[in-house]
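Reading the structure
Single-letter residue listing:
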Amino acid sequence: MKLKYHRINTAAPDKADASVLIIYTGGTVGMVLDHNKSLIPFDFQLIMNHVPTLSRFNLILNVIAFEDPVDSSNIQPDHWVKIAQIIKDGYDEHDGFIVLHGTDTMAYSASALSFMLEGLKKPVIFTGAQLPVSFPRSDAPENIITSIEVAAAKKNGISVIQEVCVYFDYLLLRGNRSKKVESQHFNAFRSENYPSLAEAGINIEYHEQFFLPETDKTFGITTNICDEVAILKLFPGISGNVVEGITNIHGLKGIVLETFGSGNAPTAIEIMRPLRKAVEKGIVILNVSQCVGGKVTQGAYETSRLLSEIGVIGGKDMTTEAAITKMMYLFGKGLSGEALRSSLVSSLRGELSDRK
Ligand code: ASP
């Protein structure tokens, strides 16, 4: 499908160094205060008005904005599909892509897109802001400007970054390793289990040794996303009723089980019984840790050995955001049984460390 872009007037669009497509989905970055003094999404023109520097780039900058920009708490798989479709339709024409997105669910969307965009050889950079672009102390201009630089960066004519990332507060992180960890300060994102891919100072310093290896697959997208999944977070005192309630949800295919420490769970029969029954009736349970750093090692303690015994899969060092979106993607592709199991524990896009 031919997309209609809004072209930003830049310094030298005729002999531009690269072309970048900006996809505006909403988020604080472009919000304004309504009559209740609550922040609501506004249109992309607001960003243009407040970041005049955009016109100084020697780049072709195209923009496509969601008709109804959303607070990212309202992001749904349909929005991911829309983003994937826009990237696919603009893939040949652009060297890189920016997704302007709310910070609240950015790590989920970046994780989802990292799976849905297969054979990606160009940068897709998610960014946003903690303060609207119209506020004097907004972090939006820096986040947007550096993201564009990263999306346009090439070495020997080839994109430097060839994966889905989050750029925020001077750090470029792998999208499916990122987590929102801060709601007040500007350093909103961290990637505890994987080093940053670049750091912006006077120069942008790329850490090439941590990039994904180049893929030889042809670029394409998957748009079937399965929502018959749930996240079950354990806590001391969780009742068997709660676990049973979730495992009995009609049609449920998968559960991301957020456990303690290195993958431990209460051994009480009331908790273990519904989990075992769920696995027996075919629900896939993937164990990730509530800790932001470290990894799940089922069997290190008796409290996790039982999980292995009943068939729960250890999710290694994956974030919850990566684990749930990976499940949604793999079920959406129709995977089941051993193929699903082995995909869940292997790195598809660098979302987990393959080491034991
Ligand atoms: N609620 C906003 C959103 O996620 C927060 C932000 O963008 O920082 O859309």
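This section reports on the structure supplied with the text. Note that the structure is a prediction, hence the values are computed from the model and not measured.

Overview of the overall build of the protein chain
For the protein chain, the helix and strand inventory stands at 9 helices and 21 strands. By its C-alpha atoms, the protein chain is 65 × 50 × 40 Å across when sized along the principal axes. Within the protein chain, contacts between residues at least 6 apart in sequence are counted, and of these 75% link residues at least 24 apart. About 16,000 Å² of surface is accessible on the protein chain, with carbon and sulfur atoms providing 50% of the total.

A look at the nonpolar core
Soluble, globular proteins show a tendency: their nonpolar side chains are buried together. Grouped together as the largest cluster of nonpolar side chains are 54 residues, with contacts concentrated most on Ile 23, Ile 87, Leu 117, Val 124 and Phe 126. In terms of residue count, helix 8 (residues 320–332) provides more of this core than any other element does, 8 residues in total. If we ignore the near neighbours within four places in the chain, the residues touching Ile 87 are Ile 23, Phe 97, Leu 117, Val 124 and Phe 219.

A few points about the site of the ligand
The environment of the ligand is made up of Gly 27, Thr 28, Met 31, Asp 71, Ser 72, Gly 102, Thr 103, Asp 104, Ala 129 and Gln 130. Ser 72 is positioned such that a nitrogen or oxygen atom in its side chain is 2.5 Å from an oxygen atom of the ligand. The contact in question runs from an oxygen atom of the ligand to an N or O atom on the backbone of Ala 129, over 3.2 Å. In terms of residue class, the shell around the ligand is made up of 2 nonpolar, 6 polar and 2 charged.

As for the environment of Ala 268
Mapped onto the fold, Ala 268 is located in the loop between strand 19 (254–259) and helix 6 (269–280). Ala 268 sits in the partly exposed class, given a relative accessible area of 29%. Taking the C-alpha atoms as reference points, Ala 268 and Thr 303, 35 residues apart in sequence, are found 9.7 Å from one another.

Some words on unusual backbone geometry
Note: most peptide bonds trans; most residues except glycine with negative phi. Notably, Asn 156 is not glycine yet its phi reads approximately 50 degrees, a positive angle. With respect to the helices and strands, the residue Asn 156 is situated in the loop between strand 9 (154–155) and strand 10 (158–159). The class for Asn 156 is exposed, based on a relative accessible area of 74%. Even without being glycine, Tyr 170 reaches a positive phi, approximately 75 degrees. Relative to the helices and strands, Tyr 170 resides in the loop between strand 11 (164–168) and strand 12 (171–174).

Overview of the packing of aromatic side chains
In this description, a pair of aromatic rings is defined by centroid distance and the angle of the planes. All told, the structure shown has 6 aromatic pairs when counted by the stated rule. Chaining the aromatic ring pairs together yields one cluster made of Tyr 91, Phe 97 and Phe 219. Over the ring of Tyr 91 we find Lys 122, and its NZ or CZ is 4.6 Å from the ring centre.

Considering the pattern of salt bridges
With the rule as written, the count across this model stands at 13 salt bridges. Lys 233 is paired through a salt bridge with Glu 258; the nearest N and O atoms lie 3.8 Å apart. Separated by 25 residues along the polypeptide, Lys 233 in strand 18 (residues 229–233) and Glu 258 in strand 19 bring together distant segments of the chain. Glu 302 serves as the salt-bridge partner of Arg 305, at 4.0 Å between the closest nitrogen and oxygen. Taken together, the positions of Arg 305 and Glu 302, both in helix 7 (residues 302–309) and 3 residues apart, correspond to about one turn of that helix. Owing to a relative accessible area of 36%, Arg 305 belongs among the partly exposed residues under this scheme. Here the salt bridges do not stand alone but share partners, grouping Glu 302, Arg 305 and Glu 309 into one network.

Basis of the calculations
- Residues numbered from 1 in each chain as written.
- Predicted model: local features only at pLDDT ≥ 70, side-chain atom pairs only at ≥ 80, totals over all residues.
- Heavy atoms only, no water.
- Helix = DSSP H or I, 4+ residues; strand = E, 2+ residues; numbered from the N terminus.
- Contact = heavy atoms within 4.5 Å.
- Areas by Shrake-Rupley, 256 points an atom, 1.4 Å probe, with all protein chains shown as cover.
- Core = buried A, V, L, I, M, F, W, Y, C linked by side-chain atoms within 4.5 Å.
- Buried < 20%, exposed > 50% of the residue type's maximum accessible area, 1.4 Å probe, protein only.
- Near = heavy atom within 4 Å.
- Polar contact = N/O pair within 3.5 Å; in protein donor to acceptor, adjacent residues only side chain to side chain.
- Nonpolar A, V, L, I, M, F, W, Y, C, P; charged D, E, K, R; others polar.
- Phe/Tyr/Trp six-rings, centres within 6.5 Å; stacked < 30°, edge-to-face > 60°.
- Lys NZ or Arg CZ within 6 Å of the ring centre and 35° of its normal.
- Salt bridge = Lys/Arg side-chain N within 4 Å of Asp/Glu carboxyl O.

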